[in-house]
Amino acid sequence: MASMATDTKTSLVPAGDRSPSSWGLGDGQAVPWEYAPAPESRDIVTIKPRYGLFIGGRDVAASDGGTFATVNPATEETLALVAKATPADADKAVHAARRAQKRSWGTLPGKERAKYLFRIARILQERSREFAVLESMDTGKPIKESRDVDVPLAAAHFWYYAGWADKLEYAFPGRVAVPLGVAAQIIPWNFPLLMLAWKIAPALAAGNTVVLKPASTTPLSALLFADVCRQADLPPGVVNIVTGPGEIGMALVTHPDVNKVAFTGSTEIGKRIAKGVAGTDKGLTLELGGKAANIVFDDAPLDQAVEGIVNGIYFNQGEVCCAGSRLLAQESIVEPLIDKLKDRLSTIRVGDPLDKNTDVGAINSKSQLEKITELVASGVAEGAEMYQPACDLPDRGYFFRPTLFTNVAQSHRIAREEIFGPVLSVLTFRTPDEAVEKANNTVYGLSAGIWTDKGSRILEMAQRMRAGVVWANTFNKFDPTSPFGGYKESGFGREGGMHGLHAYVRLEDR
Amino acid sequence: MATRARKPSASSTSARTGTARAAATRAQNSAVAASPARVEVRKTYKLYIGGAFPRTESGRSYLVVGDDGTLLANACRASRKDVRDAVRAARGAFPGWAAKTAMTGGQVLYRVAELMEGRREQFAAEVEAAEGLRPAAARAVVDRAIDRWVWYAGWADKIGQVLGSSNPVAAPYFNFTIPEATGVVGVVAPETSSLLGLVSRLAPPLVAGNAVVLIASEKRPLSAVTLTEVLATSDVPGGVVNVLTGFKKELVPVLAAHEDVDALDTWGVADEMRTEVETLAAEDIKRLARRPTTVAEARFDWLDDAATERPEWIAAFLEMKTVWHPIGG
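Residues numbered from 1 in each chain as written. Chains lettered and ligands numbered in written order. Predicted model: local features only at pLDDT ≥ 70, side-chain atom pairs only at ≥ 80, totals over all residues.

Asks: Looking at this model, I keep getting lost on unusual backbone geometry. Mind explaining?
Replies: With glycine set apart, most residues show a phi of negative sign, and most peptide bonds adopt trans. At Asn316(A), a residue that is not glycine, the phi angle is positive and equals roughly 55°. Within the secondary structure, Asn316(A) sits in the loop between α11 (302-314) and β13 (326-330). Residue Ile285(B) is not a glycine yet carries a positive backbone phi of 55°. Here Ile285(B) shows up in the loop between α11 (274-282) and β9 (287-289). Under the C-beta neighbour-count criterion, Ile285(B) is labelled buried, with 24 such atoms within 10 Å. (Helix = DSSP H or I, 4+ residues; strand = E, 2+ residues; numbered from the N terminus. Buried ≥ 20, exposed ≤ 12 C-beta atoms within 10 Å, placed from the backbone.)

This is how it looks when you write it as structure tokens:
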């Protein structure tokens, strides 16, 4: 493994002009050239002025007629009004799911369930650009990420689990896998469609029906997915989507007729949800926060490591639970590494999410922008040294410059708390033991990164990381076949792979 | 929680105690039963923390009586400080235990069964007295407990292959998933089945590589204590298993709320305590292994191999770790 190559990524810097010294950058200057706009057309997606709930296969208004606005965080414009579900609506959705589980989906042979899931995967592929544009408008993420990561991976998840639907006896040898029943699934705003796929695909493959609650700032791709279910002729009630505030999520969690709760989001809310199912027989999986260490040893190929660090923390504006938000650099290379990082930061393009050249788009909401701003201010106040490249931010919308902190102590809030924004904290170490100690010195344990050319060190470090996903000489890679989930307060249970099925079945004797 | 039987009156204590002790130690005494002058040497039942046998730091004890109400022993009534000491011992022992090779771990656990085999008669007498079983039934329970320990010990070098995977990702990466021990596991032992239930819940987290703090059956703690004497003379390192006796109402909430405990087996938690305990455990996202509410603890059939020999019971105390590396030059 020692000689394995590291990630390569297309650089934004023109070939032949890759020497940092030739740009005279690294001191906060902007790149000395301009990019022409390259906007993706938004005509491909038709956003309706109003959306209802998707319950029992029908588009219905909230029982009290309530609505809320979903906003494009890059422009602050209202995109649509969305039904604000009431607890009565949540109850209706659970009943619809129960009915469908009993009457259609739960009794449908796995072979037939599989074909519905293949259909959904295909429709997502066919309508991929529509989903990508909508997702970028509702979340603020760059179109190149929604187009190349979120949507293809979402389709791939349905594709992967489709094939499991009629092969469950091979996933659990010697056991009969019985669906749990009705799953309540609550997903976050950072990868709305992808998280929907992570939740719905394994649940349906195993024979469960679902009630899904998207985040209140990003409901649109889930509501467009309702249309995919209609196109696929999925039996009514197999997938139900209720939009609304957090209380609706808790109404689902505590609903007596729900058998399984799956949540992706903050550790704080995860604890409330775990308390909500205490004393019941409900299954629970939690995918919560993180504060991943990205460890760079002195023998790592630095240019590739820089790309991995940038991808690790600035991908999706850093609004990623497994983001590599703590850079642990070996002392002997910290200076050249920081220089290269600063140079690379100056080439990052922040701006219109629908521009195909944008690297960092808009922060998802005003409240998230405020949280990031507050934590960054705490970093400065606690004595860390802040660096931000000079780049113009759009006049409107919720934007934040890619930020780098050096002189960070482990006790600083920016080294302990999940910022969920484009903010990197740099710490240093001398020995591998110190790296392990610092990397694991967190209540979280979702992911970790290791950069070194030495194979035996990779394997040893991977073993010593108390984290569910370890990326060696790469970062932020995802795949439907690859289990994902945390240690410690990053949650429990795995999503993806064969292991992802386990959370949606009860195993009985043959 | 009070002991079920009434405390025997002062006048009848010694006579009834004598009867129960005779039953509980029939095997050891049989050789000298003919000699009426011999005064029995009684055992002090102590805690097991960090490989040592301390009394509770609180200096408290409680009466343990047999199924027929006879006095069996004064057991330690452990305190919250004992819980904290046990968790600390477990945390200290965890890295070394988890780092043992799978084959070594399996052999160490198998040796526990070898030593249990040598104490069959003692365990049978304790189970008989505690659970009110006939001698033959008690012996069958002990035999099954030993066999179950062997069944779980054999998983040590297989669970990684059965639960791990190599994942065919759609890009040039080598990607694999391996199970690892969760860490420090709290086990609330079943209340009714004092040895077989205990073994069935203790062996899975142990074979997974975890260190355990176990709260014994409150009413029937003696075979748990005897098992610690087996563990102490086996090759299981001190601190890997720690056993406390006492009142579950006092001890379980402390264990459930302890932030250095990573997972909790609530099988032996009384139904009326369950919501409180799970709510405490939620505060630091502990993994829970729960008895279904539809399963009455006292009626669960621990002799049913299919229901109790399950790799899922091991998996409940494992974390899946997935590692990625690029392929290509």
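Asks: I tried to follow helix α3 (residues 80-99) of chain B on my own but got confused; where do I start?
Replies: Each turn of an α-helix holds 3.6 residues, which means side chains three or four residues apart point in the same direction. Residues and elements named next belong to chain B. With 20 residues, α3 extends 29 Å from end C-alpha to end C-alpha; this agrees with the ideal 28 Å at 1.5 Å per step. Along its length, α3 shows its largest kink, about 40°, at Ala93, and proline Pro95 lies within four residues downstream of that point. Of all the positions in α3, only Asp82, Val83, Asp85, Ala86, Val87, Ala89, Ala90, Ala93, Phe94 and Trp97 are classed as buried. As for α3, its buried residues are in contact with β5 (184-188), β6 (211-215), β7 (241-244) and α10 (248-257). (Expected span 1.5 Å × (residues − 1). Bend = angle between axes of the 7 residues up to and from the residue. Contact = placed C-beta atoms within 7 Å.)

Asks: Explain the interface of chain A and chain B here, please?
Replies: A common measure of how large an interface is: the accessible area buried when the components associate. Taken together, the 41 residues of chain A in the interface contact 32 residues of chain B. A class-by-class count of the residues in the side of chain A that touches chain B yields 20 nonpolar, 12 polar and 9 charged. Bridge analysis of strand β18 (residues 469-472) of chain A against strand β10 (residues 318-326) of chain B gives 3 bridges, and the strand direction is parallel. The partner of Val469(A) across the bridge, within β10(B), is Thr322(B). (Nonpolar A, V, L, I, M, F, W, Y, C, P; charged D, E, K, R; others polar. Pairing = 2+ DSSP bridges.)

Asks: What is the right way to read the sheet that holds strand β1 (residues 50-51) of chain A from this model?
Replies: Backbone-to-backbone hydrogen bonds pair the strands of a sheet. The strands run either parallel or antiparallel. Residues and elements named next belong to chain A. Spatial strand order, β1-β5-β4: 3 strands in an open sheet with mixed pairing. Strands at the two margins of the open sheet, each flanked by one partner only, are β1 and β4 (67-72). The pairing of β1 with strand β5 (residues 77-83) spans 2 bridges and is classified as parallel. Bridge assignment links Arg50 to a residue of β5, and that residue is Leu81.

Asks: Explanation requested: the nonpolar core in the structure shown.
Replies: Soluble globular proteins tend to pack their nonpolar side chains together in the buried interior. Ranked by size, the top nonpolar core spans 199 residues in total, and within it Leu117(A) and Phe158(A) carry the most contacts. Apart from residues lying up to four places away in sequence, Leu117(A) is in contact with Phe158(A), Tyr161(A), Ala162(A), Ala165(A), Ala201(A), Leu204(A) and Ala205(A). (Core = buried A, V, L, I, M, F, W, Y, C linked by C-beta atoms within 7 Å.)

Asks: It is not clear to me how the confidence of the model for chain B should be interpreted in this structure. Could you clarify?
Replies: Predicted coordinates in areas of low pLDDT are best not read in detail. Residue and element names in this part refer to chain B. When pLDDT is averaged along chain B, the result is 92, and 89% of the positions lie at 70 or above. Across residues 1-20 the pLDDT falls below 50, and counting only partners more than four positions away or on other chains, this stretch makes 27 contacts in the model. Confidence metrics for the complex model read pTM 0.92 and ipTM 0.93. (pLDDT = per-residue confidence, 0-100.)

Asks: Can you walk me through the confidence of the model for chain A in this structure?
Replies: Summarising the model, chain A shows a mean pLDDT of 94, and 94% of its residues fall at 70 or more. With pLDDT under 50 throughout, residues 1-26 of chain A is counted as low confidence; its partners more than four residues away or in other chains account for 40 contacts.

Asks: I'm lost on the sheet that holds strand β4 (residues 173-181) of chain B in this one. Help?
Replies: Across the sheet, which stays open at both edges, the 10 strands sit in the order β14(A)-β15(A)-β16(A)-β13(A)-β12(A)-β17(A)-β18(A)-β10(B)-β4(B)-β3(B) with mixed pairing between neighbours. Edge positions in the sheet fall to β14 (385-387) of chain A together with β3 (165-166) of chain B, since each of these pairs with one other strand and no more. Its contacts with the sheet put helix α12 (residues 334-345) of chain A on β12 (293-296), β13, β14, β15 (403-406) and β16 (423-429) of chain A, and the angle it makes with β15(A) is roughly 165°. (Axes fitted to C-alpha atoms, helices over the stretch in contact; angles between N-to-C directions.)

Asks: What exactly am I supposed to notice about the domain arrangement of chain A here?
Replies: Residues and elements named next belong to chain A. Parsing chain A into structural domains produces domain 1 (50-288 + 487-509) and domain 2 (290-472). Inter-centroid distance (C-alpha atoms) of domain 1 to domain 2 is 30 Å. When contributions to the side of domain 1 that touches domain 2 are tallied by element, the ones reaching two or more residues are α4 (128-139) and α5 (143-164). (Domains from an automatic or database assignment.)

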